[in-house]
Amino acid sequence: MYKSELLAQNIRQLIENGSWQAHEKLPSLREQTQLSGYSLITVLNAYQELEAQGLLYAKGKSGYYVAERNKALPAHVPEVNLNTAVQINSAVFHYLKSMQTDGILPFGSAFPNPELLYNQKFMQLLAQHAKRKHSYLNNDNMPPGNLALRKIIANRYVLQGMQCTPDDIVITSGALEALNLSLQALTQPGDFILLQQSVFYGAWQAAERLGLQVISIPEHPQLGFDIESFEQALKQYPIKVCWLMLNAQNPIGFTVSNAIKQRIAGLLHEYQVHLIEDDVYQELNYGGQRPLPMTYFDQHRRVLHCSSFSKTLGMGTRIGWVHAGPFSDAIQHLQLMSTLSASPLIQNALVDFLSHHHYEKHLRHLRKQLEKHKKKFHQFLKQHLPAGSEIHYYSSGYFLWLKLPDQCDSFAVHQQMLAEKIGVAPSLLFRPENIAQNFIRLNCSYEWNADIESAMLKLCACIAVQRKSLTA
Ligand SMILES: Cc1ncc(COP(=O)(O)O)c(C=O)c1O
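Residues numbered from 1 in each chain as written. Predicted model: local features only at pLDDT ≥ 70, side-chain atom pairs only at ≥ 80, totals over all residues. Heavy atoms only, no water.

K.L.:
Run through the overall build of the protein chain, naming residues and quoting values.
P.N.:
A tally of regular secondary structure across the protein chain gives 16 helices and 14 strands. In the protein chain, buried positions account for 59% of the 472 residues. Accessible surface, the protein chain: about 20,400 Å² in total, of which carbon and sulfur atoms supply 53%. Taken together, the 42 basic and 38 acidic charged side chains of the protein chain have centroids lying 7 Å from each other. (Helix = DSSP H or I, 4+ residues; strand = E, 2+ residues; numbered from the N terminus. Buried < 20%, exposed > 50% of the residue type's maximum accessible area, 1.4 Å probe, protein only. Areas by Shrake-Rupley, 256 points an atom, 1.4 Å probe, with all protein chains shown as cover. Lys, Arg positive; Asp, Glu negative; His and termini not counted. Charge placed at Lys NZ, Arg CZ, Asp CG, Glu CD.)

See below:
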């Protein structure tokens, strides 16, 4: 567990056992560093995490206070929903098309600001490889993919304490191919799969395309992942596969604790279920420590771990991978029947880029910039969003998850913003079920400027007008 998580957990305990009462002021950041021995940034992360969970609130410059509603947190009731005919592909298609409109401000995009991903060294290496005939020979790069690249990726798992050999890895065209092929390899039409209620739309799309029945479980309001609902779903339905995001979850942003990950692994084994883990934001934790993937907790090779370079070097690299273990062959079969292989040129350039430690330097810079930009958006929106809104802020990635006042329709907000050439991602894309749709995912990877400020003011005004019309 991270130091900030540990501190947040201790503070949560003091609130829950009544030692700290509603509206009581917490020690200042500096006092807390002295009391706990943690660094200022760790304390700040812990306070912000608790704020995002609704346990604390910040009052101007005066500091952090215990929030009222936590005196009596609503009793948590496990919940499971069944969706036998997912229909989302058309909505996602139209949304993605709308985001391609010329001049649209890209706060609805899933990808970080390309300016931050551009890396001169990587471009130089690409240019060098582009001049060699060898780079266009596909033989060495056919499934399971370039051996040198698979070795580097396998070593990164080993360095984090997991078992992995290059034979466990299949290189794919981005994480999306890794995820889709994994799901296809493990399921037949009509099978039951489990998804988080709010999750990357690619998961819902894959379920629709493959004719799968979806069991969804809602997020836990404090812990992100609802282990009780998860267990109930496994007991109640013959679930074959789970597709989960547990680190810097898209769209909400939370990272699930190691203790819960351990319990998930135990339940996967007990109920003989496989897990496809989508971990595309694993490198974007502001502390620089990569959160552990489920592969770390999995003693029985039930996890297929998928990631890519799209969020760190650009979605145009189209290189991802799956740590597929015993399913490597099945996935390669499907790949050879569909996309054949990922680009040999880019696989070769990545080998040079990664083996000379340029990547780590690039990641350090990227994380710092993302943290700076997201904090700026957060500060501004905290002051300007109308009453009844909430912001989920977590210390990784580049998304803020905004809860609009109850009854607000985020799809209508998205459409009004579109008319102003401002992109925002409405919750319907991530939670296409018949549930509250008053959430927006906001991409905050852009450097703050006057245009952004004016766009954010328009967004806040649009939400305020909706809220007023609802209360009128
Ligand atoms: C959560 C999540 N998983 C997977 C993907 C697909 O990533 P890639 O571009 O590597 O295929 C995305 C892309 O937006 C994503 O947001």
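On we go from here.
K.L.:
Mind laying out the sheet that holds strand E3 (residues 81-83), listing which residues take part and the relevant values?
P.N.:
Sheet architecture is open: eight strands sit in the order E3-E6-E5-E7-E8-E9-E10-E4, paired in mixed fashion. The two strands at the open ends of the sheet, each matched to only one other strand, are E3 and strand E4 (169-172). Each strand axis lies, on average, 20 degrees off the axis of its neighbour in the sheet, ignoring direction. Direction of pairing for strand E7 (residues 239-244) relative to strand E8 (residues 274-278): parallel, over a ladder of four bridges. Across the sheet, the residue bridging to Leu244 is Glu277, located in E8. Contacts between helix H12 (residues 328-337) and the sheet are confined to E4, strand E9 (303-308) and strand E10 (320-323), with E4 contributing the most and set at about 20 degrees to the helix. (Pairing = 2+ DSSP bridges. Axes fitted to C-alpha atoms, helices over the stretch in contact; angles between N-to-C directions. Contact = heavy atoms within 4.5 Å.)

K.L.:
Give a detailed account of the site of the ligand, specifying residues and quantitative values.
P.N.:
Surveying the vicinity of the ligand reveals 16 residues, the closest of which are Ala175, Asp278, Ser308, Ser310 and Lys311. Within the contact set of the ligand, an oxygen atom lies 2.7 Å away from a side-chain nitrogen or oxygen of Lys311. Contact with the protein chains removes 97% of the 400 Å² of surface that the ligand exposes when unbound. Ranked by residue count, the leading element in the shell around the ligand is helix H8 (residues 174-186), at four residues. Partitioning the shell around the ligand into residue classes produces nine nonpolar, four polar and three charged. (Near = heavy atom within 4 Å. Polar contact = N/O pair within 3.5 Å; in protein donor to acceptor, adjacent residues only side chain to side chain. Nonpolar A, V, L, I, M, F, W, Y, C, P; charged D, E, K, R; others polar.)

K.L.:
Please provide a residue-by-residue account of the pattern of salt bridges, values included.
P.N.:
For the structure on display, the rule yields 11 salt bridges. Measuring nitrogen to oxygen at the nearest pair gives 3.1 Å for the salt bridge that ties Asp406 to Lys403. The structure contains a network of salt bridges with shared partners spanning Arg156, Glu283, Arg290, Glu360 and Arg367. (Salt bridge = Lys/Arg side-chain N within 4 Å of Asp/Glu carboxyl O.)

K.L.:
Describe the sheet that holds strand E13 (residues 425-426), and please don't skip the residues or the numbers.
P.N.:
Strands sit in the order E11-E12-E14-E13 across an open sheet of four strands; the sheet is antiparallel. Two strands lie at the open edges of the sheet, namely strand E11 (390-392) and E13, each paired on one side alone. Here E11 pairs with strand E12 (residues 399-403) via three bridges, running antiparallel. Bridge pairing in E12 links Ile391 to Leu402.

K.L.:
Quick rundown of the packing of aromatic side chains? Include the residues and the values.
P.N.:
Per the counting criterion, the structure on display carries 18 aromatic pairs. With centroids separated by 5.9 Å and ring planes inclined at 70 degrees, the aromatic side chains of Phe107 and Phe377 adopt a geometry described as edge-to-face. One end of the pair, Phe107, is in the loop between helix H4 (89-98) and helix H5 (114-117); the other, Phe377, is in helix H14 (residues 358-384), and 270 residues separate them in sequence. The pair formed by Phe107 and Phe377 is uniform in burial state, with each residue classed as buried. Ring geometry for Phe353 and Tyr359: centres 6.2 Å apart, planes at 65 degrees, overall edge-to-face. Here the two residues Phe353 and Tyr359 agree in accessibility, since each one is buried. (Phe/Tyr/Trp six-rings, centres within 6.5 Å; stacked < 30°, edge-to-face > 60°.)

K.L.:
Give me the lowdown on the domain arrangement of the protein chain, citing residues and values where you can.
P.N.:
The domain architecture assigned to the protein chain consists of domain 1 (1-73) and domain 2 (118-358). Here the C-alpha centroids of domain 1 and domain 2 sit 34 Å apart. (Domains from an automatic or database assignment.)

K.L.:
Give a description of the packing of H8 against H12 that names residues and reports values.
P.N.:
Helices that pack against each other are described as a pair by the angle of their axes relative to one another and the distance between those axes. Axis separation between H8 and H12 bottoms out at 9 Å; the angle between their running directions is 110 degrees. Between H8 and H12, the interaxial angle falls into the category roughly perpendicular. The element H8 and its partner H12 pack so that their crossing is right-handed. Residue-level inspection shows Glu177, Leu181, Ser182, Gln184 and Ala185 of H8 in contact with H12, the latter providing Ala330, Ile331, Leu334 and Gln335. For the contact of H8 with H12, the per-class residue count stands at five nonpolar, three polar and one charged. (Parallel < 35°, antiparallel > 145°, perpendicular 65-115°, else oblique. Left-handed = near helix turned anticlockwise from the far one by under 90°.)

K.L.:
An account of the nonpolar core is needed here, citing residue identities and associated values.
P.N.:
In terms of nonpolar packing, the biggest core is built from 69 residues, with Phe225, Phe230 and Ile239 touching the most fellow members. When residues in this core are grouped by element, the largest group, six residues, is from helix H9 (residues 201-210). With near-sequence residues (within four places) excluded, Ile239 lies in contact with Phe192, Ile193, Leu194, Ile215, Ala233, Leu234 and Val273. Ranked by size, the runner-up nonpolar core spans 40 residues in total, among them Leu117, Phe380, Leu385 and Cys460. (Core = buried A, V, L, I, M, F, W, Y, C linked by side-chain atoms within 4.5 Å.)

K.L.:
So what about the packing of H14 against helix H16 (residues 450-471)? Which residues, and what values?
P.N.:
Where H14 meets H16, the axes come as close as 10 Å, and the angle between the chain directions of the two elements is 35 degrees. With respect to the hand of their crossing, H14 and H16 are arranged in right-handed fashion. Along its contact with H14, which presents Phe377, Phe380, Leu381 and His384, the element H16 presents Ile452, Glu453, Met456, Leu457 and Cys460. Across the contact of H14 with H16, the residue classes break down as seven nonpolar, one polar and one charged.

K.L.:
Describe the side chain of Glu177, and please don't skip the residues or the numbers.
P.N.:
Within the fold, Glu177 resides in helix H8. It turns out Glu177 is buried and unbridged, and the closest side chain with the opposite charge, Arg318, is 7.9 Å from it. A polar side-chain atom of Glu177 sits 2.2 Å from a polar atom in the side chain of Thr339. Residues within four places of Glu177 in sequence aside, it is in contact with Thr172, Gln335, Ser338 and Thr339.

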